[in-house]
Amino acid sequence: MIPRVIEVKHVDGYKLWLRFQDGVCGTVDLSDELWGPMFEPLKDVTLFAQAAVHPELKTVTWPNGADLAPEFLYQAAKQAEAAAALR
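Residues numbered from 1 in each chain as written. Predicted model: local features only at pLDDT ≥ 70, side-chain atom pairs only at ≥ 80, totals over all residues. Heavy atoms only, no water.

Participant: What is the right way to look at the overall build of the protein chain in this model?
Facilitator: When helices and strands are counted, the protein chain shows two helices and five strands. Listed N to C, the secondary structure of the protein chain is β-β-β-α-β-β-α in terms of helices and strands. Here the C-alpha radius of gyration of the protein chain, 12 Å, is about what a compact globule of 87 residues would show, namely 12 Å. Along the first, second and third principal axes, the C-alpha set of the protein chain runs to 35 × 30 × 20 Å. The proportion of buried residues among the 87 residues of the protein chain is 31%. (Helix = DSSP H or I, 4+ residues; strand = E, 2+ residues; numbered from the N terminus. Rg over C-alpha atoms; globule rule 2.2 N^0.38 Å. Buried < 20%, exposed > 50% of the residue type's maximum accessible area, 1.4 Å probe, protein only.)

Participant: Please explain the nonpolar core as it appears in this structure.
Facilitator: Soluble globular proteins tend to pack their nonpolar side chains together in the buried interior. Within the largest apolar cluster, 22 residues are counted, with the highest numbers of intra-cluster contacts made by L16, L18, V60 and W62. Those elements that place two or more of their residues in this core are β1 (5–12), β2 (15–20), α1 (45–48) and α2 (70–86). Ranked by residue count, the leading element in this core is α2, at four residues. (Core = buried A, V, L, I, M, F, W, Y, C linked by side-chain atoms within 4.5 Å.)

Participant: Got a minute to help me understand the pattern of salt bridges in this structure?
Facilitator: Oppositely charged side chains can form a pair if their charged atoms are brought close together. Summed over the entire model, instances satisfying the criterion amount to three salt bridges. Put simply, E7 and R19 hold a salt bridge, and the shortest N to O gap is 2.6 Å. Here E7 is found in strand β1, whereas its partner R19 is found in strand β2, with 12 residues between them in sequence. Close ionic contact of E40 with K43 constitutes a salt bridge, the shortest N to O distance being 3.5 Å. (Salt bridge = Lys/Arg side-chain N within 4 Å of Asp/Glu carboxyl O.)

Participant: Sorry, what's going on with the side chain of T59 here?
Facilitator: The topology assignment puts T59 in the loop between β4 (52–53) and β5 (60–61). In this structure T59 comes out as buried when scored by relative accessible area, which is 3%. From its side chain, T59 meets the backbone oxygen of L68 in a polar contact 2.5 Å long. Not counting residues within four places of it along the chain, the set of residues in contact with T59 comprises V5, A52, V53, H54, D67, L68, A69, P70 and L73. (Polar contact = N/O pair within 3.5 Å; in protein donor to acceptor, adjacent residues only side chain to side chain. Contact = heavy atoms within 4.5 Å.)

Have a look at this one:
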């Protein structure tokens, strides 16, 4: 099953809060992922904050056409959720 993002909210900086179709939620820090031609522009926090769920792809996309694999985001969110549970 490919995970589907159903909600995204910009938290601050390069952090996004994500909710998936199966209820998994978590805040992911994407600061280490902003490299390469599509992602370098997202170092502008104003652009990064415009993250949205693509209606067909069901993953996070930005106005410049950048997107991230939902599987990557799902694993990052699950790790964040597990780390939060340990606190």
